[in-house]
Amino acid sequence: MPEKPSSVLRPPTQVLTRGFDPSLSVGSARPAVFRSSTYVFSSPEAAERAFDLMAGRAQPLPDEKPDLVYSRFNHPNAEILEDRLVPLETGAQAALVFNSGMAAIMTALLTFVRPGHSIVYTVPIYGGTQHLIQDFLEPLGIAGIPVLAGQTAAINDAIRSAKNLSVVLIETPANPTIIMTGIREAVEAAAQRDPRPLVMVDNTLLGPAFQHPLLLGADICLYSATKYLSGFSDLIAGAAVANDSQLIRKMRSKRNLFGNILQPDECWMLDGRLPTVTLRMNRSSKNAERIAHHLAKHPKVARVLYPSLFTDPEQLRITREQCDFPGGMLSLDLKGGKAAAFEFLRNLHIAHNAVSLGGVETLVCHPKSTTHSGFTPEEFAQAGVTDGLVRISVGIEDWRDLLTDFEQALELI
Ligand SMILES: *Cc1c(COP(=O)(O)O)cnc(C)c1O
């Protein structure tokens, strides 16, 4: 069958047609899993060429397919997965997969920051990312400068004034408070500086379906693929995607050193989940929106945190400009504090009390005593993580059954 040039195909088609040639897997319709740790060279010259390319001593010719070498560097299942991630992220040219979201974030930061540099980052941010910056990078002489999510003017000031700024790291929306940070504004502030710092966005919560940081000028999108990309709460993985393939090439050489590439079996599982990520995210978002709007009126709920319920004009503006849909994450601030939150969790029948998010099943947790328990009292207050806050990752069940489950659990408080 003659192949259409992939650039004329739309993303949902590309994600099913790119990167995999059945003739390389004895005709199987799904890729084989290549569990080999090493690859047999086609000739000593091909081996020499593969090493020259890998070390950057030579540049690949257009359409050159160098021999594979060793699975810490690359393997067929990673190549297939990376080819299929590219069309999912609007504006991307290259992707790289890792054995966790933290591995992707760590590799991105360690590739581009050096002692004496600084990193401006939004807070609240994923706990692991905060630890990485505060407890690992800062003792190495890298300054971490936290700025409150959503505070556009303060973020711009920090970007303008930070000394030797090499990276701006934005996580939007913030977790668990669903506060949006403007990506375009941060990109514009970064562009005023020379040298220009890289803008990285942790796009785990709304990407790749609903938020497109590369289109807004960000340099690198980072993912915990453990969440929506894989979608079934059964594997740990991470990804980085970029418009400039040179950035990905630099990260790849660090991944070769760190040995944190995703293993063949996980690559195969994840590549089979990509064609449905938009379907799953759409369904979760529709479910979450209906549930959020119903529970907003509930007498035992003080506040529902969800993008389509925002009233703050700046939050509304950012959401309108950068999010296609409000997404599957919402938080409830329950009247009655921690006791009410714990009673609510105890009484759920369908939703499970677990951390993590982005799976087809609904998960609920109490951030203050779990995911965010390391915060200081000031951080709790700043981030708006209250005693009564429960975070819900809405799955793809029938939303009416979920709403009934939440309402009966609220009644029992
Ligand atoms: C889960 C998560 C991470 C970490 O990803 P792992 O796959 O658990 O390493 C990073 N950022 C966000 C926003 C997350 O939700």
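Since the structure is predicted, the reported quantities are computational estimates derived from the model, not experimental observations.

I tried to follow the site of the ligand on my own but got confused; where do I start?
Near the ligand you find 14 residues, and of these M102, D202, S224, T226 and K227 are the closest. Contacts to the ligand include M102, whose backbone N or O atom sits 2.8 Å from an oxygen atom. Take S224: an N or O atom from its side chain is 2.8 Å from an oxygen atom of the ligand. For the ligand, the protein covers 93% of the area, taking 380 Å² as the surface of the free molecule. The greatest single-element share of the shell around the ligand, amounting to three residues, is contributed by helix α4 (residues 101–112).

Is there a simple way to explain the side chain of D202 in this structure?
Here D202 shows up in strand β5 (residues 198–202). An unpaired buried charge is present at D202: no salt bridge exists, and K227, the closest side chain of opposite charge, is 7.5 Å distant. A distance of 2.6 Å separates polar atoms of two side chains, one belonging to D202 and the other to T204. Setting aside its immediate chain neighbours within four residues, D202 contacts I105, L169, I170, E171, T172 and L222.

Which parts of the structure should I look at to understand the packing of aromatic side chains?
For any pair of aromatic rings, geometry is given as the distance between the ring centres together with the angle between the planes. In this structure the tally under the stated criterion is four aromatic pairs. Lying across the ring of F325, K286 places its NZ or CZ 5.9 Å from the centre. The ring of F380 carries K368 above its face, with NZ or CZ at 4.6 Å from the centroid.

Honestly, the packing of α4 against helix α5 (residues 127–137) in this entry has me stumped. Any pointers?
A pair of packed helices can be characterised by two numbers: the angle between their axes and the separation between those axes. Orientation of α4 relative to α5, taken along the N-to-C sense of each, is 40 degrees, at an axis distance of 10 Å. Viewed along their axes, α4 and α5 adopt a mutual orientation that is oblique. The two elements α4 and α5 cross, and the hand of that crossing is right-handed. On the side of α4, the interface is formed by M102, I105, M106, L109 and L110, while α5 contributes G128, T129, L132, I133, F136 and L137. Counted by class, the contact of α4 with α5 contains nine nonpolar, two polar and no charged residues.

I tried to follow unusual backbone geometry on my own but got confused; where do I start?
Outside of glycine, negative phi angles account for most residues, and trans bonds account for most peptide bonds. P124 follows V123 through a cis peptide bond whose omega is -5 degrees. Not every positive phi belongs to a glycine, and S233 is a case in point at roughly 50 degrees. By the secondary structure assignment, S233 is in the loop between β6 (220–224) and β7 (238–242). Overall, the relative accessible area of 43% leaves S233 in the partly exposed class. One non-glycine residue with positive phi stands out, namely S356, at about 80 degrees. With respect to the helices and strands, the residue S356 is situated in the loop between β10 (352–353) and β11 (363–365). Given a relative accessible area of 24%, S356 falls into the partly exposed group.

I'm lost on the sheet that holds strand β2 (residues 118–123) in this one. Help?
Within a beta sheet, neighbouring strands are joined by backbone hydrogen bonds and run either parallel or antiparallel to one another. The seven strands lie next to each other as β1-β7-β6-β5-β4-β2-β3, forming an open sheet whose pairing is mixed. Strands at the two margins of the open sheet, each flanked by one partner only, are β1 (94–98) and β3 (143–148). Sheet twist, expressed as the mean angle between neighbouring strand axes with direction ignored, is 20 degrees. Pairing analysis gives six bridges linking β2 to β3, with the strands arranged parallel. When the bridges of β3 are listed, S118 appears paired with A143.

I'm lost on helix α11 (residues 313–322) in this one. Help?
Structural remark: α-helix, 3.6 residues per turn; residues separated by three or four positions point the same way. Taken together, the buried positions of α11 are Q315, I318, T319 and Q322. Axial view of α11: buried residues confined to an arc of 100 degrees, hence all on one face. Exposed side of α11, more than 90 degrees from the buried face: P313 and R320 are the residues found there. Packed against the buried residues of α11 are α6 (152–161) and α7 (183–191).

About the thresholds
- Residues numbered from 1 in each chain as written.
- Predicted model: local features only at pLDDT ≥ 70, side-chain atom pairs only at ≥ 80, totals over all residues.
- Heavy atoms only, no water.
- Near = heavy atom within 4 Å.
- Polar contact = N/O pair within 3.5 Å; in protein donor to acceptor, adjacent residues only side chain to side chain.
- Areas by Shrake-Rupley, 256 points an atom, 1.4 Å probe, with all protein chains shown as cover.
- Helix = DSSP H or I, 4+ residues; strand = E, 2+ residues; numbered from the N terminus.
- Buried < 20%, exposed > 50% of the residue type's maximum accessible area, 1.4 Å probe, protein only.
- Lys, Arg positive; Asp, Glu negative; His and termini not counted.
- Salt bridge = Lys/Arg side-chain N within 4 Å of Asp/Glu carboxyl O.
- Contact = heavy atoms within 4.5 Å.
- Phe/Tyr/Trp six-rings, centres within 6.5 Å; stacked < 30°, edge-to-face > 60°.
- Lys NZ or Arg CZ within 6 Å of the ring centre and 35° of its normal.
- Axes fitted to C-alpha atoms, helices over the stretch in contact; angles between N-to-C directions.
- Parallel < 35°, antiparallel > 145°, perpendicular 65-115°, else oblique.
- Left-handed = near helix turned anticlockwise from the far one by under 90°.
- Nonpolar A, V, L, I, M, F, W, Y, C, P; charged D, E, K, R; others polar.
- Pairing = 2+ DSSP bridges.
- Arc of directions from axis to C-beta.

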